[in-house]
Amino acid sequence: RYIASAFLQQAVLYFLVFRVRRYLCLWFDHKIRLGFVFHAKDIQWSYSKARSFTLVCIVVGFIASFVGIGPAALLTPLLLHSQYLNMHPIIAQATSSPINLIFSSNVLIPLYLSNMVEWRVSLLFAVVSFTASLAGLLASTWIIKRYHMQWLIITVLSGVLVVSCILAFLLTMQQVVQHLAHHSLYIFRSLC
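Remember, predicted model here, so these are calculated numbers, not experimental data.

Novice: I'd love a proper account of the side chain of Ser140, names of residues and values included.
Specialist: Its location among the elements puts Ser140 in helix α5 (residues 119–147). Since its relative accessible area comes to 10%, Ser140 is described here as buried. Only 3.1 Å separates the side chain of Ser140 from the backbone oxygen of Leu137, close enough to count as a polar contact. Dropping the residues within four chain positions of it, Ser140 is found in contact with Gln93 and Ile153.

Novice: Can you tell me about the packing of helix α4 (residues 89–113) against α5, naming the residues and giving the values?
Specialist: Between α4 and α5, the least distance of the axes is 12 Å, while the angle of their chain directions is 175 degrees. Relative to α5, the element α4 is oriented roughly antiparallel. Of the residues in α5, those touching α4 at Pro89, Ile90, Gln93, Leu108 and Tyr112 are Trp119, Leu137, Ser140, Thr141 and Ile144. Per-class residue counts for the contact of α4 with α5 are seven nonpolar, three polar and no charged.

Novice: I'd like a description of unusual backbone geometry, backed by residues and values.
Specialist: For Asn115, which is not glycine, the phi dihedral falls at a positive 55 degrees. In this fold, Asn115 is placed in the loop between α4 and α5.

Novice: Which residues make up the packing of aromatic side chains, and what values go with them?
Specialist: A full pass over the atoms with the stated rule returns six aromatic pairs. Measuring from ring centre to ring centre gives 5.5 Å for Phe28 and Phe38, while their planes differ by 40 degrees; the resulting arrangement is tilted. With a gap of ten residues between them, Phe28 in helix α1 (residues 2–34) and Phe38 in the loop between α1 and α2 (47–67) connect regions that are remote in the sequence. Taken individually, Phe28 and Phe38 each receive the classification buried, so the pair is uniform in this respect. Residues Trp142 and Tyr147 carry aromatic rings whose centres are separated by 5.5 Å and whose planes lie at 90 degrees to one another, so their mutual orientation is edge-to-face. Looking at Tyr147, the relative accessible area reads 43%, which means it is partly exposed. The structure contains a cluster of three or more aromatic residues connected by ring pairs, namely Phe28, Phe36 and Phe38. Positioned above the aromatic ring of Phe36 is the side chain of Lys31, whose terminal nitrogen or guanidinium carbon lies 4.7 Å from the ring centre.

Conventions we followed
- Residues numbered from 1 in each chain as written.
- Predicted model: local features only at pLDDT ≥ 70, side-chain atom pairs only at ≥ 80, totals over all residues.
- Heavy atoms only, no water.
- Helix = DSSP H or I, 4+ residues; strand = E, 2+ residues; numbered from the N terminus.
- Buried < 20%, exposed > 50% of the residue type's maximum accessible area, 1.4 Å probe, protein only.
- Polar contact = N/O pair within 3.5 Å; in protein donor to acceptor, adjacent residues only side chain to side chain.
- Contact = heavy atoms within 4.5 Å.
- Axes fitted to C-alpha atoms, helices over the stretch in contact; angles between N-to-C directions.
- Parallel < 35°, antiparallel > 145°, perpendicular 65-115°, else oblique.
- Nonpolar A, V, L, I, M, F, W, Y, C, P; charged D, E, K, R; others polar.
- Phe/Tyr/Trp six-rings, centres within 6.5 Å; stacked < 30°, edge-to-face > 60°.
- Lys NZ or Arg CZ within 6 Å of the ring centre and 35° of its normal.

The following block contains the structure:
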């Protein structure tokens with residue numbers, strides 16, 4: 001049941017991704033034919049750019065699912081700093097937020113069908129996450145509009161991500177060393 005629902009979701013998502021990609025490219029071609037004047041930060045969805053964006057999203061989704069984080073943590077810096085896309089920070093944030101929602105829903109449905117979701121804890125974390133996300137969105141938008149300091153937000157987020165990765169590595173190594181001091185070399189639990 002879990003595997004069947006996961007495969008069904010993936011098939012539907014890939015179908016939607018390819019339909020949206022085709023729509024974006026056709027809409028871009030239509031704008032070109034009309035002589036539309038693009039803004040400097042507009043994404044011009046050529047077929048190669050849409051294909052690259054799709055592949056980046058698929059790779060980021062795989063990495064995020066293995067690491068256990070939302071894909072926006074990896075995707076937003078790529079959208080901001082990529083010479084290929086070079087999105088405006090607010091547009092990058094608005095693009096990555098629905099991706100997190102879709103990704104989380106994609107994980108939740110099979111787990112729910114397998115009765116593996118603790119609803120009280122999930123709802124508590126959802127309320128806290130929503131509140132923190134709203135506060136971060138409002139604060140970052142205010143800083144960008146008021147002080148025009150996009151670099152500050154990007155630097156702080158990059159710093160937090162780097163410190164988090166370093167701390168995760170150090171804590172993991174500390175646990176491995178503690179386990180090896182008391183047990184054998186085999187440190188992984190059975191999946192069953």
